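Residues per chain are reported as follows:
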Amino acid sequence: MKRRLAARLAGSVMLAAGTVAALTMPATATGSVPPETPAATSQLDAMQRDLGLTREQALQRFDQEAEAARVEQTLSRTLGGAYGGSYFDAQQGKLVVLVTDQARFDEVRAAGAVPRLADFSAEQLDAVIAGLNARSADAPKAVSGWYHKASENSVVVTTRPGSAALATQFVQATGVLSEAVRVVESLENPQTYAVIGGNAYYIGSGSRCSVGFSVQGGFVTAGHCGQTGATTSQPTGRFEGSTFPGNDYAWVSVSSDTPEPLVNKYDGSTIGVAGSTEASEGSSICRSGSTTGWQCGTLEAKNQSVQYPQGTVTGLTRTSACAEPGDSGGSFITNDQAQGVTSGGSGNCSSGGTTYYQPVNPILQTYGLTLLTQ
């Protein structure tokens, strides 16, 4: 098993393309006016700008991704233990479904997806992540995280350049299915997007985060923005529940303002929230935050565990949409479906980077909240 992992490692260690130096994290917020935010005239315009699509391609992709999400929800249940994960292939405009049993290919095709043979089931890969999570305290500081990459049918462990051997030793020491692990050297150095004062909502003496999604009685946001019992202003509220690290989610009750099922697009308009159907890997995704406004990218992987300086956060989703300090807690949305709240990442919106979000459905389930929809 160890020899097999070493062989896979020798052919796969690389510097992750497009990674940049991590954001620095100010210790306190200043309460200054936030920088001017980029504006997009519409979600379609943002997708054209950030994903290099024409308007017609963006419209077509909306429909294709919505269908992919529907098919994924169905096949992930019906295939059971043969399900190996799935991802949206933009070139084909279809969902690709990995299956460990080739005899189930016709079932996948009948559902409108493209089958692909997999070595490992999604259950096996999730078990690998669970095993790594259980030993996260033993992970070398050079290791920045791990995630389930459906398109590669593997668990990817990211680690700083020159530390692949150390990361491999960690993987082997956990006792997980190491054949399913790929170690990748990367410049990623995740940080939470620290609050810095400005628009959106304020915590305590004036630090700033961004509202995620409206729920009955308040809104959801990132856990690292405030502890349970902390007060907020603009809107006036209180953190009723907050978890960080481990997870990165919280919910804030508001006393006088009326929550609405809308997301600010920072162009003078809003987009309505219709539900929270989870998007497929490979789908386009947009986020809204009080520092960088409306930005779009691609959903790159799910079930990401991130090694922040404050501790490990599990179950995040990895995206190529950029973000910066103050965007924490803000909305991630695909079409009109709520996806999650911004947690942290590396990079910025000048040179690009990687951003993670906490999926919204677990937040709603944990606190028994009802997402407001149109």
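One can find the structure itself at the top, above this paragraph.
Here goes a summary of the coordinates provided. Keep in mind that this is a model prediction, so the values were computed, not measured.

Some points on helix 5 (residues 122–134)
Note that an α-helix has 3.6 residues per turn; residues three or four places apart therefore point the same way.
At step 1: If you check helix 5, its first and last C-alpha atoms are 18 Å apart, about what 13 residues at 1.5 Å a residue would give, namely 18 Å.
At step 2: All of the buried residues along helix 5 are Ala 122, Leu 125, Val 128, Ile 129, Gly 131 and Leu 132.
At step 3: The inward-facing, buried residues of helix 5 contact strand 1 (83–89), strand 4 (143–149), strand 5 (154–159), helix 6 (164–174), strand 6 (181–185) and strand 18 (293–308).

What to know about the pairing of strand 18
At step 1: For strand 18, the buried fraction is high: 13 of the 16 residues fall into the buried class.
At step 2: As paired elements, strand 4 and strand 18 share three bridges and run antiparallel to each other. Within strand 18, the position partnered with His 148 by the bridge is Lys 302.
At step 3: Pairing geometry for strand 17 (residues 284–289) and strand 18, over six bridges, is antiparallel. Paired with Cys 286 across the strands is Cys 296, a residue of strand 18.
At step 4: Bridge count between strand 18 and strand 19 (residues 311–319): six bridges; the pairing is antiparallel. Opposite Leu 299, over in strand 19, you have Thr 319 as the bridge partner.
At step 5: The hairpin turn running from strand 18 into strand 19, its antiparallel successor, is two residues long.

Some words on the packing of helix 2 (residues 43–51) against helix 3 (residues 55–78)
At step 1: For the pair helix 2 and helix 3, interaxial distance at closest approach is 9 Å and the crossing angle is 110°. Judged on the interaxial angle alone, helix 3 and helix 2 are roughly perpendicular. Judged by residue contacts, Gln 43, Leu 44, Asp 45, Met 47 and Gln 48 of helix 2 engage Arg 55, Ala 58, Leu 59 and Phe 62 from helix 3.
At step 2: When grouped by side-chain class, the residues that make up the contact of helix 2 with helix 3 number five nonpolar, two polar and two charged.

With respect to the sheet that holds strand 3 (residues 114–117)
At step 1: On the basis of which strands lie adjacent, the open sheet formed by three strands has the order 1-2-3 and mixed pairing. The sheet is open, and its two borders are formed by strand 1 and strand 3, each paired with just one other strand. In this sheet, adjacent strand axes meet at a mean angle of 25° when their direction is disregarded.
At step 2: Along the sheet, helix 3 contacts strand 1 and strand 2 (94–99); its crossing angle with strand 1, the most-contacted strand, is approximately 175°.

Some words on the side chain of Arg 61
At step 1: Structurally, the position occupied by Arg 61 is in helix 3.
At step 2: Here Arg 61 falls in the buried class, since its relative accessible area comes to 11%.
At step 3: Apart from residues lying up to four places away in sequence, Arg 61 is in contact with Leu 53, Phe 88, Ala 90, Gly 282, Ser 283, Ser 284 and Thr 298.

Side note on the state of the cysteines
At step 1: Across all of its chains, the model carries three disulfides by this definition.
At step 2: There is a disulfide in this structure between Cys 286 and Cys 296, and the S-S distance comes to 2.0 Å. Taking the torsion about the S-S bond as the criterion, the Cys 286 to Cys 296 disulfide, at about 95°, is right-handed. Remark: Cys 296 occurs in strand 18 and Cys 286 occurs in strand 17; sequence separation between them is ten residues. There is no split in this pair, since Cys 286 and Cys 296 are both buried.
At step 3: Disulfide partner of Cys 322: Cys 349, at an S-S distance of 2.1 Å. Because the sign of the S-S torsion sets the handedness, a value of about 105° for the bond joining Cys 322 and Cys 349 places this disulfide among the right-handed ones. Of this pair, Cys 322 sits in the loop between strand 19 and strand 20 (331–334) while Cys 349 sits in the loop between strand 21 (337–348) and strand 22 (352–359), and the two are 27 residues apart along the sequence.
At step 4: Since its relative accessible area comes to 10%, Cys 322 is described here as buried.

About the cut-offs
- Residues numbered from 1 in each chain as written.
- Predicted model: local features only at pLDDT ≥ 70, side-chain atom pairs only at ≥ 80, totals over all residues.
- Heavy atoms only, no water.
- Helix = DSSP H or I, 4+ residues; strand = E, 2+ residues; numbered from the N terminus.
- Expected span 1.5 Å × (residues − 1).
- Buried < 20%, exposed > 50% of the residue type's maximum accessible area, 1.4 Å probe, protein only.
- Contact = heavy atoms within 4.5 Å.
- Pairing = 2+ DSSP bridges.
- Axes fitted to C-alpha atoms, helices over the stretch in contact; angles between N-to-C directions.
- Parallel < 35°, antiparallel > 145°, perpendicular 65-115°, else oblique.
- Nonpolar A, V, L, I, M, F, W, Y, C, P; charged D, E, K, R; others polar.
- Disulfide = S-S within 2.5 Å.

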